[in-house]
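# A look at the structure
This is what each chain is made of:
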Amino acid sequence: MSEQVLRNGNVMARSRTRTLTQIAMLGAVAGVLMNLEFPIPFLAPSFYQLDFSEIPVLIASFAMGPLAGVVTEFVKILVHLVTKGTITAGVGDVANFIFGCTFVVPAGLIYRYHNVKSRKHAVVGMAVGTVLTTLAACLMNAYVLLPAYGKAFGMPMEAFIEMGAAVHSSVDSLLGFVALIIVPFNLFKYILTSVIVFFIYKRIRVVLKGD
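The rules behind each value
- Residues numbered from 1 in each chain as written.
- Predicted model: local features only at pLDDT ≥ 70, side-chain atom pairs only at ≥ 80, totals over all residues.
- Heavy atoms only, no water.
- Phe/Tyr/Trp six-rings, centres within 6.5 Å; stacked < 30°, edge-to-face > 60°.
- Helix = DSSP H or I, 4+ residues; strand = E, 2+ residues; numbered from the N terminus.
- Buried < 20%, exposed > 50% of the residue type's maximum accessible area, 1.4 Å probe, protein only.
- Axes fitted to C-alpha atoms, helices over the stretch in contact; angles between N-to-C directions.
- Parallel < 35°, antiparallel > 145°, perpendicular 65-115°, else oblique.
- Left-handed = near helix turned anticlockwise from the far one by under 90°.
- Nonpolar A, V, L, I, M, F, W, Y, C, P; charged D, E, K, R; others polar.
- Salt bridge = Lys/Arg side-chain N within 4 Å of Asp/Glu carboxyl O.

## Thoughts on the packing of aromatic side chains
Throughout the structure, instances matching the rule amount to 12 aromatic pairs. Ring centres 6.3 Å apart and planes at 85 degrees place the aromatic pair F42 and F188 in the edge-to-face group. With F42 in the loop between β1 (38-39) and β2 (49-50) and F188 in helix α7 (residues 174-208), the pair connects residues that are 146 residues apart, well separated along the chain. For F42, a relative accessible area of 60% corresponds to the exposed category. In this structure F188 comes out as partly exposed when scored by relative accessible area, which is 34%. Between Y48 and F177, the aromatic rings sit 6.2 Å apart at their centres with planes inclined by 40 degrees, giving tilted as the arrangement. With Y48 in the loop between β1 and β2 and F177 in helix α7, this pair connects stretches of sequence that are 129 residues apart.

Here it is in structure tokens:
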């Protein structure tokens, strides 16, 4: 009996070690990808940058559960800060963590906690995550992030509206900025991330053996 308990304990220890190793690996990859950000001038002003750092985080959430996704997201931010630092006085980094968790947690919950994991559940999870993150981005940008950026860099709100108008001429207010800049940018970002994960996850899952 004691040998069986010991054997089970060793198996659990190896499983935890493997999980932590995978989280660290995926978080490091995500941190590097976060450094490789670039603007999308036809969608948003240049201070909104697109990156593919949520791909490894979403894979972690699918393979090991939403809590692993949150930890991977945290590792990603740490790696980014250590390797590149912050140019947003920390505001963008906190927002990235919050939005990342808002995206991967519901996706991981919907996918992981069904008796039969399927692509259908993955797609539903990513769709829910995309919608929730877009809504969160609208609210946080309007009431928290843009005012915080403005205070940190001495910019009035009208300056952001003007930058939005340079991209989309119909932007003439904060509401217009949210509807015509923030919504399309976030939908584009998280739908693109979802599509990429949809096509690569099955192959990566074999390596991670998360199921």
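Text resumes after the structure shown.
## Quick notes on helix α2 (residues 54-64)
Most of α2 sits out of view: 11 of its 11 residues are buried. Buried within α2 we find E54, I55, P56, V57, L58, I59, A60, S61, F62, A63 and M64. In the segment just after α2, G65 is the residue with positive phi, at about 110 degrees.

## A closer look at the packing of helix α4 (residues 91-112) against helix α5 (residues 119-153)
Following both chains from N to C, one finds α4 and α5 inclined at 160 degrees, their axes separated by 8 Å at the closest point. Compared by their axis directions, α4 and α5 come out roughly antiparallel. Handedness of the crossing formed by α4 with α5: right-handed. For the contact of α4 with α5, the residue count by class is 20 nonpolar, eight polar and no charged.

## Brief notes about the pattern of salt bridges
Here the structure, examined in full by the defined rule, presents three salt bridges. A salt bridge links E54 to K76, with the nearest nitrogen and oxygen atoms 2.8 Å apart. A residue pair is termed long-range when its members are at least 10 positions apart, and E54 in helix α2 and K76 in helix α3 (residues 66-83) qualify at 22 residues. Salt bridges sharing partners connect three or more residues here, namely E54, E73 and K76.

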